[in-house]
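Examining the three-dimensional arrangement
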Amino acid sequence: MRVDLATIRNEILSVYDSRRKRDDPIGRYKYTLDGETNLYASLDVVISYAIMGINPNSFNEKYKSEWISYINSYVDNEIKDGRYNGLIPHHSITHANGMVIGALGYLGGKQIYPVKFYDSFNSVIKIETWLENINWPHQWACEFKGGPCMFSMSKYCPSEWINVAINWLTSELDPITGMWKREVTPATEYNPLGGFVHIYPLYELHLKEFPYPNKVIRSVLDLQNSKGNWWPNNELSYLDMDALYAYSAMLRINNTLHDEVIKSTRKYAKYFIDFYQKNKKDIFKNSAMHGLLALVSTFGLLNQLLPNEFYDTVQWTDILSDRRLYQTSLVEV
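None of the values given here were measured: they were computed from a predicted structure. (Residues numbered from 1 in each chain as written. Predicted model: local features only at pLDDT ≥ 70, side-chain atom pairs only at ≥ 80, totals over all residues. Heavy atoms only, no water.)

1. Section: the overall build of the chain
So the rule is basically this: Comment: elements are numbered from the N terminus, with helices defined as DSSP H or I runs of at least four residues and strands as E runs of at least two. Note that the radius of gyration is over C-alpha atoms, with the globule rule given as 2.2 Å times the number of residues to the power 0.38. The criterion used for residue contact is that any of the two residues' heavy atoms lie within 4.5 Å. When charges are counted, Lys and Arg are positive and Asp and Glu negative, with His and the chain ends excluded. For this purpose, a charge sits on NZ of Lys, CZ of Arg, CG of Asp or CD of Glu.
For the chain, the count of helices and strands is 14 helices and two strands. Taking 333 residues into account, the globule formula puts the C-alpha radius of gyration at 20 Å, and the chain, at 19 Å, falls close to it. The contacts of the chain with a sequence gap of at least 6 include a subset with a gap of at least 24, amounting to 73%. Side-chain charges in the chain split into 34 positive and 37 negative, and the spacing between the mean points of these groups amounts to 4 Å.

2. Observations concerning the packing of aromatic side chains
Short version of the rule: Only Phe, Tyr and Trp rings are paired, with Trp represented by its six-membered ring, and only when their centres lie within 6.5 Å; those with planes under 30 degrees apart are stacked, over 60 edge-to-face, the remainder tilted. Whether a residue is buried, partly exposed or exposed follows from its accessible area with a 1.4 Å probe, protein chains only, as a fraction of its type maximum: under 20%, in between, or over 50%, in that order. Two conditions define a charge located above a ring, namely a distance within 6 Å from the ring centre to NZ of Lys or CZ of Arg, and an angle within 35 degrees of the ring normal.
Applying the stated criterion to the full structure yields 35 aromatic pairs. On the numbers, 5.4 Å between centres and 90° between planes, the contact of tyrosine 70 with tyrosine 74 is edge-to-face. In this structure tyrosine 74 comes out as buried when scored by relative accessible area, which is 18%. Among the aromatic residues, those joined into a cluster by ring pairs are Trp230, Tyr247, Tyr268, Tyr271, Phe272, Phe275, Tyr276, Phe284, Phe299, Phe310 and Trp316. Over the face of the ring belonging to tyrosine 311 we find arginine 2, whose NZ or CZ atom lies 4.1 Å from the ring centre.

3. What to know about the side chain of threonine 94
When you line up the elements, threonine 94 lands in helix α4 (residues 93–107). Not counting the four nearest positions on each side in its chain, threonine 94 is found in contact with Phe117, Glu143, Gly146 and Gly147.

4. Some words on the state of the cysteines
What counts, and what does not: Any two cysteine sulfur atoms within 2.5 Å of one another count as a disulfide.
Inspection of the entire model under this criterion finds zero disulfides. Between cysteine 142, a free cysteine, and cysteine 149, which holds the nearest cysteine sulfur, the sulfur-to-sulfur gap is 9.3 Å. Judged by relative accessible area, cysteine 142 falls into the buried class, the value being 14%. Lacking any disulfide linkage, cysteine 157 is separated from the closest cysteine sulfur, that of cysteine 149, by 11 Å.

5. What to know about the pattern of salt bridges
Going by this rule: For this analysis, a salt bridge means a side-chain nitrogen from Lys or Arg found within 4 Å of a carboxyl oxygen belonging to Asp or Glu.
One pass over the structure, following the stated rule, counts 14 salt bridges. A salt bridge links glutamate 183 to arginine 182, with the nearest nitrogen and oxygen atoms 3.5 Å apart. We classify glutamate 183 as exposed; its relative accessible area is 76%. For arginine 182, a relative accessible area of 30% gives the class partly exposed.

6. What about unusual backbone geometry?
The omega angle of the peptide bond from tryptophan 180 to lysine 181 is 5°, so this bond is cis rather than trans. Mapped onto the elements of the fold, lysine 181 is located in the loop between α7 (159–171) and α8 (191–199). Of note, the phi angle at lysine 80 is positive, near 55°, even though the residue is not glycine. For lysine 80, a relative accessible area of 42% translates into the label partly exposed.

7. Side note on the side chain of glutamine 139
Within the secondary structure, glutamine 139 is located in the loop between α5 (124–132) and α6 (145–152). Apart from the residues within four sequence positions on either side, glutamine 139 is in contact with Trp180, Lys181, Asn191, Pro192, Gly195, Phe196 and Ile199.

8. So, α6
Within α6, eight of the eight residues are buried, leaving the element largely enclosed by the surrounding structure. Among all positions of α6, only Lys145, Gly146, Gly147, Pro148, Cys149, Met150, Phe151 and Ser152 are buried.

9. Focus: the environment of asparagine 191
Keep this limit in mind: Polar contacts, as used here, are pairs of N or O atoms within 3.5 Å; protein pairs need one atom able to donate a hydrogen and one able to accept it. Residues neighboring in sequence count only if both atoms are side-chain atoms.
Looking at where asparagine 191 falls in the secondary structure, it is placed in helix α8. For asparagine 191 and tryptophan 136, which are 55 residues apart along the polypeptide, the C-alpha to C-alpha distance reads 8.6 Å. In contact with asparagine 191, other than residues within four places in its own chain, are Pro137, His138, Gln139, Trp140 and Pro186. A polar side-chain atom of asparagine 191 sits 2.9 Å from a polar atom in the side chain of threonine 188.

10. Side note on α7
Residues separated by three or four positions in an α-helix point in the same direction, a consequence of the helix having 3.6 residues per turn. Note the threshold: To estimate the expected span of a helix, subtract one from its residue number and multiply by 1.5 Å.
Compared with an ideal rise of 1.5 Å per residue, which puts 13 residues at 18 Å, α7 spans 19 Å between its outermost C-alpha atoms and is within 8% of the ideal. Buried residues of α7: Trp161, Ile162, Val164, Ala165, Ile166, Trp168 and Leu169, and no others. The elements touched by buried residues of α7 are α5, α6, α8 and α9 (201–205).

What follows is the structure in structure tokens.
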């Protein structure tokens, strides 16, 4: 199997271009082919650019400035707590915060207001209480990445805060699965993986030791189904991307299960490419922008795990490991 990611990038960029009217200002994209422009469509495109290895310096300052202004036009000027309007279903203001920080960091922009909802976990005392109160059976929806992860990269984050958060999280890992949380029954078998990949970046961002990389890999291997993917439906999904990120991140710690991971990844890659090639027109026509972002990030992770099969002249990244998408201190006010 050989997949030229330069060709994939051109296909994706053509889809994005088709969702933008020629006379529209910079940054405005339709969330669906027949839908309206919104905040998330704009953010999804910016973050896709970062993942696909497009250098932000290839855009002139006027272009970036107009895009930044469009993103910030969604800020809530009534509440003024740093939240952005224009959310998509089942996604919170915290999730949008993480997306905005990622996009503005890439474009070189700044948020309009300080993010006040960090106040619920922004001290050493508060973070332990906040962690204890996560709905752990449904942790996939806990919005850790757009909240504590982003706050941890703020210039206002106390250094001891990071140690307290990491110590609490490490003490609550399930030693059998390597994921969160011990002595908790998850609502679905997929929730621990969905939650894990949004919490684990805190360890990677701050170079903190993680004790169970092989347990995590084993858990992901066990979750993979006979077709090769992880989500039970015959479709592309964020859960599949989550599984690949868990593989990639854990191999950066310990590569003793490297061969098993690569075998599993190749099994998924065959399923993924077969599905993509057979359904490409429908995917491009019917997918919302946020779904296309998952597609881009999945290609990025396959580039990392199988660089000879999924190749390009530039390194692709993903939405969870790319440090440029966590530049809180550069974009905050």
